[in-house]
Amino acid sequence: MTKGIVIREAHFPGRAPIEAYGNGGFRFADMSHRGSLLCLPSGIYGWEPADPLAPTAADFAKLLNEADQVEILLVGAGKDLRPLPAALRAALKAAGIAADPMSTGAAVRTYNVLLAENRAVAAALIAVE
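All figures in this text were calculated on a predicted structure; none of them were measured in a lab.

Trainee: What am I meant to see in the sheet that holds strand S4 (residues 31-34) here?
Mentor: Each strand in a sheet pairs with another by means of backbone hydrogen bonds, the pair being arranged parallel or else antiparallel. Strand order across the open sheet formed by three strands is S2-S3-S4, with antiparallel pairing between neighbours. What marks the edges here is a single partner per strand, and that holds for strand S2 (18-22) and S4. Along the sheet, successive strands turn relative to each other by an average axial angle of 15°, direction set aside. Along the sheet face, helix H3 (residues 104-116) touches S2 and strand S3 (25-28) and points at about 180° away from the line of S2.

Here you go:
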């Protein structure tokens, strides 16, 4: 007997440059994803922070589990630059991760360059229209 549609967590098991962004999503690895992304050494995940305007350490649990593989986190905060909340910045610093907030477009471009250089980079990218 079939169970019907099975919804799984959005996940691409590898690292890939972001080919395009906008219209509420991203394109990478010849695929598209609607919504925000968390790009980690273990793969690219669909990501839904509780409040995109004020992310918390809980929103970055997957990242913190891989902290030993990440030196810098690029945070694409949407169309505009927004500083990270102090508690999140402290949690990332305690894990040995430098965080750099910027617009999503700038984060995508920087992520692609650092990825091509094989750097220990991760990115949290808020989707933009």
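Trainee: Sorry if this is basic, but what is going on with the sheet that holds strand S1 (residues 11-12) here?
Mentor: In space, the six strands of this open sheet follow the order S1-S6-S5-S9-S7-S8, with mixed pairing throughout. Strand pairing shows two members of the sheet lacking a second neighbour, S1 and strand S8 (98-102), which therefore form its edges. By the bridge criterion, five bridges tie strand S5 (residues 36-40) to strand S6 (residues 43-47) in an arrangement that is antiparallel. Across the sheet, residue leucine 40 finds its bridge partner in S6, namely glycine 43.

Trainee: Would you take a moment to explain the environment of serine 42 for this structure?
Mentor: By the element assignment, serine 42 lies in the loop between S5 and S6. Measuring from C-alpha to C-alpha, the distance between serine 42 and glutamate 71 comes to 14 Å, with 29 residues separating the pair along the chain. Residue contacts for serine 42: discarding those within four places in its chain leaves His11, Phe12, Pro13, Gly14 and Glu66. There is a polar contact of 2.8 Å between the side chain of serine 42 and the side chain of tyrosine 45.

Trainee: So what exactly am I meant to see when it comes to the pattern of salt bridges here?
Mentor: Should the charged atoms of two oppositely charged side chains come close, the side chains can pair. Enumeration according to the criterion identifies one salt bridge in this entry. A salt bridge links glutamate 117 to arginine 119, with the nearest nitrogen and oxygen atoms 3.6 Å apart.

Trainee: I tried to follow H3 on my own but got confused; where do I start?
Mentor: Residues spaced three or four apart along an α-helix point in a common direction, a consequence of the helix completing one turn every 3.6 residues. The end-to-end C-alpha distance of H3 is 18 Å, a good match for the 18 Å that 13 residues give at a rise of 1.5 Å each. Every buried residue of H3 is listed here: Thr104, Gly105, Ala106, Ala107, Val108, Tyr111, Leu114 and Leu115. Lining the buried residues of H3 we find S2, S3, S5, strand S7 (72-76), S8 and strand S9 (121-125). Following H3 by one or two positions, asparagine 118 adopts a phi angle in the positive range, close to 60°.

Cut-offs and rules
Here the residue numbering is sequential within each chain, running from 1 through the sequence in written order. This being a predicted model, a pLDDT of at least 70 is required before a residue's local features are given, and a value of 80 or more before pairs of side-chain atoms are given or counted; all residues contribute to the totals for chains, interfaces and linings. Each side-chain value is derived from all of the structure's non-hydrogen atoms; neither hydrogens nor water enter the calculation. DSSP-based pairing: two strands are paired if at least 2 bridges between them are found. Secondary structure counts use DSSP, requiring at least four H or I residues in a row for a helix and at least two E residues in a row for a strand, with both numbered from the N terminus. Convention adopted: a line fitted to C-alpha atoms gives each axis, helices being fitted over their contacting stretch, and angles between N-to-C directions are expressed from 0 to 180 degrees. Here, residues are in contact when the closest pair of their heavy atoms is within 4.5 Å. What qualifies as a polar contact is a pair of N or O atoms within 3.5 Å, subject to a donor-acceptor requirement within protein and to the restriction that residues adjacent in sequence count only when both atoms come from side chains. Put simply, a salt bridge is a Lys or Arg side-chain nitrogen that is within 4 Å of an Asp or Glu carboxyl oxygen. Multiply 1.5 Å by the residue count of a helix minus one, and that product is the helix's expected span. The classification of residues rests on relative accessible area computed with a 1.4 Å probe and restricted to protein chains. Under 20% of the type maximum is buried, over 50% is exposed, and intermediate values are partly exposed.

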